[in-house]
Structure formats: C-alpha cells, structure tokens
Amino acid sequence: MKEVYLDNNATTMVAREVLDEMLPYFHDYYGNPSSMHSFGGQVARKLAEARQKIASLLGADPEEIIFTSCGTESDNAAIMSALANSPGKNHIITSRVEHPAVKVLCEHLAQKGYRVTMLSVDAEGMLDMNEYEASLTPDTAVVSIMWANNETGVIFPVEDAARLARERGIPFHTDAVQAAGKIPINMKGNSIDMLSISGHKLHAPKGIGVLYVRKGTRFSPFLIGGHQEKGRRGGTENVPAIIALGKACELAGANMEKENTHVRALRDRLESELLKAVPQSKVNGNRRQRLPNTTNISFEFIEGESILLLMDQFGICASSGSACTSGSLQPSHVLRAMGVPYTMAHGSIRFSLSVYNTAEDIDLVINELPPIIEKLRVLSPYWATTQGACATA
Amino acid sequence: MWEYTDKVREHFLNPKNAGEIENPDGVAEVGSIACGDALKLTFKLDENKRIADAKFKTFGCASAIASASALTEMLKGKTVEEAMKITNQDIADYLGGLPPEKMHCSVLGQEALEKAIESYRGVSHKKPDEEIVCVCFGVTDGEIERAVRQNHLTTVEEVTNYTKAGGGCTNCHEKIQEIIDRVYATQKTEEGPAERPKLSNIQKIRMIEETIEREIRPSLKHDGGDIELVDVVGNRVLVAMRGACATCQASQATMKGFVEWKLKEFVSPELVVEEVAS
Ligand SMILES: Cc1ncc(COP(=O)(O)O)c(C=O)c1O
Ligand code: FES
C-alpha cells in the first residue's frame, strides 16, 4: 500500500534533489569547513553557497543567517538572547497558540519570575491587534509571535506587529517554521528582528534549523563554544544538512507559485468536498488568512485518534488535535484557545499538503473518509441522540 | 503512535456488540464528551439470570472502543455476581494489555459495568460522601482511592493514566498525592524492617503464612475467593487458589500482580509465586 501523506506540517519528505545534493558530504567531502587545508576549504565554499540560497528565500543577507540544530533551538536562542540583552526588563509577550518550542519556554520563564502576556485569539484563531498593542509596555523585553500556526495554518500579521514593537524599541521574534517556503517572506521589507525556520518542514532533513538575526540586532549566543557562525553558535556545522537546506530553500523558492496555486486548489477541494459529504463538520481557523497547504476540520461527536487509525488502514497520514493523540488528556491548546467546543475539538483532523501531493491523493480521502466518520458516529453515544440538535454533555 | 496489541486493533477495527439494547435490564452512561471519552453500556439477562446480551456505544479513542467491545464479550454468559468481579485489569488483560497512558479506558469500562449492575439492582450509585478532587475531569476522592488500591498506583502520573485525574490544569496534584499517601499509610504496618536479614527456611515460611493471613487473604475473601499455601521451594512459593479465585480468569493476573507484590514487600524481594492445581 502506498501511503497518502497529508501530514506535511509534522514533517516532510526529503526531496530527491535535496538528498542528492547532500549525500557526497558524508563520505567523499567530509572535511571540516574550519580547516586550513583545501579539503576542508571546499566544504566551506559549499556552505557559503547554501547560506546564500537560504538568505535568498528569506530576502536576507547571508551574514544574518545562523545555523542551529532545529526550529526549537532557534526559538529558544532568539528569546533567551533578547532577554539577555534587555537586563532589567521583565515582560514577555507571546500568544496562546504558539508551538511548544515557544509556549513551554515562556511558561518556564514565567515560573522563573518573568511576567508573560499570552495574547488570546478569537474563534477563528486570529489575534486582536488592539489587545496586542495595549500589551506593549516599557518593561517589555521581547515579543515572540508565530508567523503561521502549525495546527490551523492561520497566518498572523507579524509584520504589522513587528512595526509596532520597533516603534517602541522592543525586539520582535517570529517562529516562521510553518510559513517559510509556503508563503513569501522578505526580511528587507519588514522590521522583524529575529526569525526561526526548520529544515524538515520544507523537504530538508530533520535536525537543521536557522535563526535569522537582523544586522544590528544585539545577539547573545545560546550555545557557547567554538567560533563557528561568527561566535554566535558554537559547534561544528552540520554540513550535509546545511547543504540540503540550501537546496531545499532554492526548490521552495521555485515552487512558491505552485504551492499557492496547485497545492491551494487541492486543499480547497479536499476541504469543500469533505464539508459537503459530512454533516456537522466545520473548518477550524480563518479560511482567508491561512497557509495554502493546511486545513483543520472538526467532525462532531467522534474522536480524532479513532479517525486517524481508520484512515491509516488506507495509508492516509494526517494529525489530530484530540486529547488521545496529543499525549495529554486535553485537546490541543490551539483549539481550546479558540474556544472550539469539546464536541468538536476531540474530533479535529489536520490535513497538511505539499507540492508532492496529487489529485488522486485527495480523491482517496474524499472517498474513504466520509464512511469512516459514519462508522464512528454510529458507535458514538452522542450521535443518535443529538443529530441536528445540540450536545447535552 | 500508540503501541496497541493486535487484540486491541482487532476489537477497534471490528467492534463486537456495538449498539444499544432496547428495554435493558441494566444500563449505565459514564464519562463525558468534555473528558474525551464516554461509554454507554446496556445488558439483558436470560431466564437463568445470566447475561444474554450486552451492547455498548463509545465516544473515544481506539482503546476506549476496544475496551468496551472486550467488556461486552466478557460479560456474555456471566451471572451478575460473576460480572461484578471483572476489574479494569481484567479488561486490559483480555486485550493483551493497554499502554499505561490508556488504562483509563479500561477503568471507564469497569465503572460503566458497576453502574449498570447498580441500575439493575435498583441501588443508587451516588456516593454522597465522596468529594470531587479533580475538577477538570470530575473525579472523586473515592474513585482515585479505589484506583490506587486496586492497581497499586504509587505516583500522581499513574493515577492520571488510570483515572485522568490530574491530567488538566494540575491544580489537584497535591490532593492526589495526599490520597496516595493515605492509602499506603493505612496499608503499611509496623512490620517490615528496612534491613532484612537473611531468612532461615522456617522463618521464611512463617513470614509467608503471616503475610498471606494479614495482607492477602482478607482482600481475596472480600472478592469471594481464597488462597492456600501449598509449599515453599527455595524462593518459589506454590499456592492454590480457592473459591471464586479458582475459576476467575483473572486469577493469574491477581497472582502476579497482588500476591507476589505483597510477599516481595513483606517477606523477601526474591520470591516468585506459582499457582498449582488444587
Ligand atoms: C511552528 C513550529 N515551531 C517550531 C517547531 C519545532 O521545530 P523542530 O522540530 O525543528 O524543533 C515546529 C515543528 O514541530 C513548528 O511547527
Ligand atoms: S483539577 Fe485535576 S487536573 Fe485540573
């Protein structure tokens, strides 16, 4: 059985071209880019080339790119650096719907004594910019708001938010792990100070991340050690992965158009056909301000893990925001922040596409999922009694 | 992805006895949609007062559906008295085990069974002196205490796995810990010095007998069963199960989980328990 992979916000396939590009740097060109000999030197040149490609995708200068080990490290490094460079300031602003890489760090910092404002979102997962602006204070050390949400795909107006922060001299970080490669990013045209990306979300391998740090932004390293990355991040570079990410960014730039036409059309068809075929289903998140590849749909009165396991029988890969799949006992913090009722939150399924998906992939889901929902609803004690009416529990 | 046994997958993919019996003899609804799983259980008795049919409806994950399906299979042909003895561990064992984080699915099954039997007997399941400890999941002190005793839970995390209590805001963790401490404080006796000197065989047998008498037999009797010490060969403790325990399909699990645990704790950690035909 061939899998139908619709879980690209979780991770992506390493593209063939990307793999080909990186493989020689394990066995043949394994030199250390910091070495004095030309065997290492040729690797350093390749590394510079990759840095250039990544900078191009982001509209940045190569010197503004720092390689890290993952998106999580980038997020941590950005926030900790901003705090280190604002001694005496004690306030952090973030949102309630951040990835754990930011959210859990901020919760940890709150326990250490920082005052943390977690901005709320509305029923469509959108920020209230007035609330945001009102929360900026002279005591604010850093703002960290994601560019696009991994669960719903909702895009936040981070460029506007960064401008408001800049006017007050507050450093602004954004987690662009889900946005990079899917929607255009041009750091020359905004005032975001720091931005995180992660290789495995755009067809490069797992375990490579980037932190963009704007020229002139004060930065304190998170990993202290060697002189690599101009002393901003110690540790010998993950050469093959960096070269892979360079290639992946080049491909993402070339595919940006396709992502926003072909992928968007597949996503839209998947979404509208499922909503049509399944009663009492609903999209979570604003449908206009959204990544072209993501749809998050709730099927009322059933539970997400069951849906996923039945789809697994057909090789369909997706995710759920239900409690049983989150590894905790509560449904996703993102859906709860949006006030999605429990009857809906437990039955939420996220499909996230990529340029490698086909019309047949989408057809399979459109054909197989509605009977799965039906089967589970027949088992559900809430379905028969509440059809059309509202839930009692 | 959860590691489910084949048996769990089988009961999930092809659930047995899904649905609802009309005019049931026993019925119960437990859990809630807010908590993420819920179960409606109905059963009907035949003229010999044995369970002729049992059906379920479940809102929940794969293991919740599988646990409910397994429970209805286990119920068929049993008298109400026999059915009452089914524990959450029996349900999990029937399925070849559940991931620890999913044990609450089997607890939900046992809870539904208890309430369905109470409804058949016409007694109210309200336990007025119980107090809600975990507000997030509506779990009472009594429910937590029973789960701790039955499954020998020792940490808050385990209690969460079995009852969900503590899996939300975490405000109740301190109270859960207090309940755990209370349960073990009353179970612990003055016996059992920290440093155990090497035992002579006579001493060992005497201590095993004492422990069975004091720690094990009362609980088994409570469930209509009994235990007899047959022999002690080195560190192998040979026992025979009597009464309800002898026929109970869970007796194997009871043996390992409970008798051995007690003997290890109070006599010697080297002991292993084996059941011999009586
Ligand atoms: C929005 C967001 N931020 C951060 C991360 C973490 O990235 P990584 O897995 O590279 O640490 C992810 C991916 O899981 C993500 O979706
Ligand atoms: S009260 Fe128990 S987890 Fe919230």
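Residues numbered from 1 in each chain as written. Chains lettered and ligands numbered in written order. Predicted model: local features only at pLDDT ≥ 70, side-chain atom pairs only at ≥ 80, totals over all residues. Heavy atoms only, no water.

S.K.: Run through the overall build of chain A, naming residues and quoting values.
M.R.: Broken down by element type, chain A carries 14 helices and 13 strands. Relative to its length of 393 residues, chain A is compact, with a C-alpha radius of gyration of 22 Å against a globular reference of 21 Å. Along the first, second and third principal axes, the C-alpha set of chain A runs to 75 × 50 × 35 Å. Counting across all 393 residues of chain A, residues that qualify as buried make up 60%. When the accessible surface of chain A is summed, it comes to about 15200 Å², and 54% of that surface belongs to carbon and sulfur atoms. (Helix = DSSP H or I, 4+ residues; strand = E, 2+ residues; numbered from the N terminus. Rg over C-alpha atoms; globule rule 2.2 N^0.38 Å. Buried < 20%, exposed > 50% of the residue type's maximum accessible area, 1.4 Å probe, protein only. Areas by Shrake-Rupley, 256 points an atom, 1.4 Å probe, with all protein chains shown as cover.)

S.K.: Before we move on, could you go through the site of ligand 1 and cite the residues and values that matter?
M.R.: Residue and element names in this part refer to chain A. Contacts to ligand 1 come from 13 residues, most closely from Thr 72, Asp 175, Gln 178, Ser 198 and Lys 201. For ligand 1, an oxygen atom lies 2.6 Å from a polar atom in the side chain of Thr 72. A distance of 2.6 Å separates an oxygen atom of ligand 1 from a polar atom in the side chain of Ser 198. Its free accessible area being 390 Å², ligand 1 has 87% of it covered by the protein chains. The dominant element in the shell around ligand 1, judged by the number of residues it contributes, is helix H4 (residues 71-84), at 3 residues. Looking at side-chain class alone, the shell around ligand 1 contains 3 nonpolar, 7 polar and 3 charged residues. (Near = heavy atom within 4 Å. Polar contact = N/O pair within 3.5 Å; in protein donor to acceptor, adjacent residues only side chain to side chain. Nonpolar A, V, L, I, M, F, W, Y, C, P; charged D, E, K, R; others polar.)

S.K.: Please set out the packing of helix H9 (residues 304-312) of chain A against helix H13 (residues 359-379) of chain A residue by residue, giving values where relevant.
M.R.: Residues and elements named next belong to chain A. Where H9 contacts H13, the two axes come as close as 10 Å, and the packing angle between them is 135°. Accordingly, the angle class assigned to the pair H9 and H13 is oblique. As H9 runs across H13, the sense of the crossing is right-handed. Every residue of H13 that contacts H9 at Ser 306, Ile 307, Leu 310 and Met 311 is listed here: Leu 369, Ile 372, Ile 373, Lys 375 and Leu 376. Tallied by class, the residues present in the contact of H9 with H13 amount to 7 nonpolar, 1 polar and 1 charged. (Axes fitted to C-alpha atoms, helices over the stretch in contact; angles between N-to-C directions. Parallel < 35°, antiparallel > 145°, perpendicular 65-115°, else oblique. Left-handed = near helix turned anticlockwise from the far one by under 90°. Contact = heavy atoms within 4.5 Å.)

S.K.: Explain the domain arrangement of chain A to me, using residue names and the numbers behind them.
M.R.: Residues and elements named next belong to chain A. Its domain assignment divides chain A into domain 1 (4-10 + 257-383) and domain 2 (16-252). Distance between the C-alpha centres of domain 1 and domain 2: 28 Å. Note on domain 1 versus domain 2: buried area summed over both sides is about 2200 Å², and carbon and sulfur give 53% of it. Counting the contacts that link domain 1 with domain 2 gives 0 salt bridges. (Domains from an automatic or database assignment. Buried area = accessible area lost by both parts, 1.4 Å probe. Salt bridge = Lys/Arg side-chain N within 4 Å of Asp/Glu carboxyl O.)

S.K.: Hey, could you go over the environment of Tyr 5 of chain A for me, with residue numbers and the actual values?
M.R.: Residues and elements named next belong to chain A. Looking at the secondary structure, you find Tyr 5 in strand S1 (residues 4-5). In this structure, Tyr 5 is in contact with Ala 10, Thr 11, Cys 317, Ser 352 and Asn 357, ignoring residues within four places of it in sequence. There is a polar contact of 2.7 Å between the side chain of Tyr 5 and the backbone oxygen of Thr 11.

S.K.: I'd like a rundown of the interface of chain A and chain B, residues and numbers included.
M.R.: A common way to express how large an interface is: the accessible area buried when the components associate. Taken residue by residue, the interface counts 24 residues in chain A and 34 residues in chain B. Of the roughly 2300 Å² buried where chain A meets chain B, counting both sides, 68% is carbon and sulfur surface. Between Lys 102 of chain B and Glu 305 of chain A there is a salt bridge, with its nearest N and O atoms 2.8 Å apart. Between the two partners, chain A and chain B, sit 7 residue pairs in polar contact (both at pLDDT 80 or more). Mapped onto the side of chain A that touches chain B, the elements with two or more residues apiece are H9, helix H12 (342-345) and H13 of chain A. No other element matches H9 of chain A, which puts 5 residues into the side of chain A that touches chain B. Taken together, the residues that form the side of chain A that touches chain B break down as 14 nonpolar, 6 polar and 4 charged.

S.K.: Tell me about the sheet that holds strand S3 (residues 91-95) of chain A, residues and numbers included.
M.R.: The pairing of strands in a sheet comes from backbone hydrogen bonds and takes either a parallel or an antiparallel form. Residues and elements named next belong to chain A. Read from one edge of the open sheet, 7 strands run S2-S8-S7-S6-S5-S3-S4, paired in mixed fashion. On the outer flanks of this sheet lie strand S2 (65-68) and strand S4 (115-119), each paired with one strand and no other. Across the sheet, the axes of successive neighbouring strands diverge by a mean angle of 20°, strand direction being ignored. Both strand S5 (residues 140-144) and strand S6 (residues 172-175) contribute to a ladder of 2 bridges, which runs parallel. Residue pairing in the sheet places Val 143 in a bridge with Phe 172 of S6. Across the sheet, helix H3 (residues 38-58) is in contact with S2, strand S7 (194-198) and strand S8 (209-213); its angle to S2 comes to roughly 115°. H4 rests against S2, S3, S5, S6, S7 and S8 of the sheet, and its axis sits at about 165° to S7. (Pairing = 2+ DSSP bridges.)

S.K.: Tell me about the packing of aromatic side chains, and name the residues and values.
M.R.: How two aromatic rings sit relative to each other is set out by the distance from centre to centre and by the angle between their planes. One pass over the full model with this rule turns up 4 aromatic pairs over all chains. Between the aromatic rings of Tyr 25 of chain A and Tyr 29 of chain A, the centroid separation amounts to 5.5 Å while the plane-to-plane angle is 40°, which identifies the pairing as tilted. Looking at Tyr 25 of chain A, the relative accessible area reads 14%, which means it is buried. The ring of Tyr 94 of chain B carries the charged tip of Lys 7 of chain B above its face, separated from the ring centre by 4.6 Å. Across from the ring centre of Phe 266 of chain B, 5.3 Å away, lies the NZ or CZ of Arg 214 of chain B, which sits over that ring. (Phe/Tyr/Trp six-rings, centres within 6.5 Å; stacked < 30°, edge-to-face > 60°. Lys NZ or Arg CZ within 6 Å of the ring centre and 35° of its normal.)

S.K.: Hey, could you go over the packing of H9 of chain A against helix H2 (residues 62-75) of chain B for me, with residue numbers and the actual values?
M.R.: Think of two packed helices as two axes; the pair is described by the angle between the axes and how far apart they sit. Packing of H9 of chain A against H2 of chain B leaves a shortest axis separation of 7 Å and a crossing angle of 90°. Looking at the two axes, H9 of chain A sits roughly perpendicular to H2 of chain B. Where H9 of chain A approaches H2 of chain B, its residues Glu 305, Ser 306 and Leu 309 of chain A are matched on the opposing element by Ala 62, Ser 63 and Ile 65 of chain B. Along the lines of polarity and charge, the residues of the contact of H9 of chain A with H2 of chain B split into 3 nonpolar, 2 polar and 1 charged.

S.K.: How would you summarise the confidence of the model for chain A if you had to cite specific residues and measurements?
M.R.: In the predicted model, chain A carries a mean pLDDT of 94, and the fraction of residues at 70 or more is 96%. Per-residue pLDDT stays below 50 along residues 387-393 of chain A; that stretch engages in 9 contacts with residues further than four places along the chain or on separate chains. (pLDDT = per-residue confidence, 0-100.)

S.K.: Residues and numbers for the side chain of Asp 193 of chain A, please.
M.R.: Residues and elements named next belong to chain A. In this fold, Asp 193 is placed in the loop between S6 and S7. Taking the relative accessible area as the measure of exposure, Asp 193 reaches 8% and is therefore buried. Reaching out from Asp 193, the side chain makes a polar contact with the backbone nitrogen of Phe 172 at a distance of 2.8 Å. The contacts of Asp 193, once residues within four sequence positions are left out, are Arg 166, Ile 170, Pro 171, Phe 172, Tyr 212, Val 213, Arg 214 and Thr 217.

S.K.: Now, about the side chain of Ser 81 of chain A: what can you tell me, with residues and values included?
M.R.: Residue placement: Ser 81 of chain A occurs in helix H4. A residue is classified by how much of its surface remains accessible, and Ser 81 of chain A, at 1% relative accessible area, is buried.

S.K.: I'd like a rundown of a nonpolar patch on the surface, residues and numbers included.
M.R.: All names here are of chain A. A surface patch of nonpolar side chains, amounting to about 230 Å² of accessible area, comprises Met 80, Phe 222 and Leu 223. Of note, Leu 223 is situated in the loop between S8 and helix H8 (239-277). Residue Leu 223 is classed as partly exposed on the basis of its relative accessible area, which comes to 36%. (Patch = residues over 30% accessible without salt bridge, like charges linked within 9 Å, V, L, I, M, F, W, Y side chains within 5 Å.)

S.K.: So what about the confidence of the model for chain B? Which residues, and what values?
M.R.: Residue and element names in this part refer to chain B. Summary statistics for chain B give a mean pLDDT of 85 and a share of 88% for residues scoring 70 or more. Predicted confidence for residues 190-194 stays below pLDDT 50, and this span has 1 contact to residues more than four positions away or in other chains. The complex prediction reports pTM at 0.80, with the ipTM value standing at 0.82.

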